[in-house]
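A structural walkthrough
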Amino acid sequence: MDEKIQQVFEALRTNQTQAATQAYNELLRLLEREADPDVWAQTGYTFQQAGFLPYAKGIYSAALDAIDDPERWQLLLAEAASDDGDLDGALDTLISIMPDSPYYVQSLLLAADIYQQLGMADVSLLKLEEAKTLSPDEPAILLGLAELHRSTGHFREAIPYYRELLETDSEVIQTSKARIERQYIECLMAIGEYETVIDYLSDIPKAERSHEVNEQLALCFYQTEEYDRAEAILSPFYENGSLSEELFGIYAEVLYHLHRESDALRVLTENIHHQPYQASAYYQRARVYVMNHQEEDAINDLTKAHALDSDSVEVPMLLMRLLLKNEREAEALDILEEAKDQLSGDQFEWLAAGIYAANEQYDEAKDYYMAAYDALKTDQSFIADYLNFMWEDGDRTRVRQALREQPELMGQPEWQWLVEALEEDDFDGSFFE
């Protein structure tokens, strides 16, 4: 059997189509005399792993006719079809596997994977949840749920599944433990659980910590403002040239917070010399310039970064803030008009409102203030900006609405002038009853 498989492989690899077909047909005749279904399955899997998917499907189809246990071959056919890119065909085959089948849970896992590939994460989740009700402790299902939630940005929902996986003794999970731990830590960091990550990683003996683990620890120390501990990890990496590119900016900010401003800028300037066409290198130095109140230098670096990477989100946001702050509103407007289609969110809407207002484009400014209002109305800086704009715009209705929704503002000294002005306008006194 193995010899015949190798004959097929050799013919396929040397583009001898006729010889491959002949050897493959001979292989099928050998299989027809084989009663052991595992031999059929292993033979098909060998072709599948080698990438010869039509031949694998041919073996599974022949087994479907020759061997009992049809749902086993339907599952294998669906797997091969999925590997071959025929996702719809794979789903059609899986429909044949009924809920009372011993292969039903596996079919749900495969269907979940296919639906995720099709961009239908909600359907994928339903399949995985159904599988979990049928086999609650199956590690493959837990891993599927964890990775699906993580891939869709639902990090908090993924964490319990990762924790359960890390507590299992399954041999399959143990072989993937490093990847599972990495994804678990990624989820924790995504929701700001830095102390939990520090506790988890600190339990790993220092001699056993990988470079990646040490950098994750350093990043958590930075986030928790333990700059000395972050520096102790990152400095040796910087000195020996192994510091990851994305952590140069973090290392520089650590140095800055340790009052080593010149060292921070030196590190980032060296990085720019090594990567003169990397937008992130200029952005990182610009952040330190901002902290060091060197705003003109920051604007220059951000302008270079924006020219190198016009798709960035962080760069135009910071650049527009600095330009507006430095009364260069026309330049800020140019950046806004260029980048607004790729930017979104309440902070962008607030910034856009300020830029349009500074350029006396009041209708556009008002639209953006109104768009940001619901999300930011409890932000004291935003509400001050919003109330001042709406008052100057003559929109007393929106000013009154904001004060009704947050009556505590009327008791604050800085808004007494506004309350008094509204009282003069409010002839029947109904607003303040």
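Residues numbered from 1 in each chain as written. Predicted model: local features only at pLDDT ≥ 70, side-chain atom pairs only at ≥ 80, totals over all residues. Heavy atoms only, no water.

Concerning the environment of Gln223
Mapped onto the elements, Gln223 comes out in helix α14 (residues 211-223). Once the C-alpha coordinates of Gln223 and Ser176 are considered, the two residues, 47 residues apart in sequence, prove to be 28 Å apart. (Helix = DSSP H or I, 4+ residues; strand = E, 2+ residues; numbered from the N terminus.)

Comments concerning the packing of aromatic side chains
One pass over the structure, following the stated rule, counts 20 aromatic pairs. An angle of 80° between the planes, with centres 6.1 Å apart, marks the rings of Tyr238 and Phe248 as edge-to-face. Highlighted residues: Tyr238 in helix α15 (residues 227-239) and Phe248 in helix α16 (residues 248-257), separated in sequence by 10 residues. A relative accessible area of 12% means that Tyr238 is categorised as buried. An aromatic cluster of at least three residues, connected via ring pairs, comprises Trp350, Tyr362, Tyr369, Tyr373, Phe382, Tyr386 and Phe389. The cationic tip of Arg396 hangs over the ring face of Trp391; the distance from NZ or CZ to the ring centre is 3.6 Å. (Phe/Tyr/Trp six-rings, centres within 6.5 Å; stacked < 30°, edge-to-face > 60°. Buried < 20%, exposed > 50% of the residue type's maximum accessible area, 1.4 Å probe, protein only. Lys NZ or Arg CZ within 6 Å of the ring centre and 35° of its normal.)

Quick look at the nonpolar core
Among the nonpolar cores identified, the biggest contains 121 residues, and Leu94, Tyr386 and Leu387 are the most heavily contacted of them. Aside from chain neighbours lying at most four places away, what touches Tyr386 is Tyr369, Tyr373, Arg398 and Ala402. Membership of the second largest hydrophobic core comes to 25 residues, among which are Leu28, Leu31, Tyr55 and Tyr60. (Core = buried A, V, L, I, M, F, W, Y, C linked by side-chain atoms within 4.5 Å. Contact = heavy atoms within 4.5 Å.)

Quick word on the state of the cysteines
Taken as a whole and assessed by the stated rule, the structure comprises 0 disulfides. As a non-bridged cysteine, Cys187 has Cys220 as the owner of its nearest cysteine sulfur, 13 Å distant. By relative accessible area, Cys187 is classed as buried at 0%. Looking at Cys220, the relative accessible area reads 0%, which means it is buried. (Disulfide = S-S within 2.5 Å.)

Looking at the pattern of salt bridges
On inspection of all chains with the given rule, the structure shows 20 salt bridges. Between Arg229 and Glu226 there is a salt bridge, and its shortest N-O distance comes to 2.8 Å. On the accessibility criterion, Glu226 (24% relative accessible area) is partly exposed. Each member of the salt-bridge network shares a partner with another, and the members are Glu231, Arg260, Asp263, Arg266 and Glu270. (Salt bridge = Lys/Arg side-chain N within 4 Å of Asp/Glu carboxyl O.)

Comments concerning the packing of helix α24 (residues 380-392) against helix α26 (residues 416-425)
One way to put it is that α24 packs onto α26 with a least axis distance of 12 Å and a crossing angle of 35°. Pair α24 / α26 crosses with left-handed handedness. Taken together, the residues of α26 that come into contact with α24 (itself represented by Leu387, Asn388 and Trp391) are Trp417, Leu418, Ala421, Leu422 and Asp425. (Axes fitted to C-alpha atoms, helices over the stretch in contact; angles between N-to-C directions. Left-handed = near helix turned anticlockwise from the far one by under 90°.)

By themselves, these figures tell us nothing about what the structure is for.
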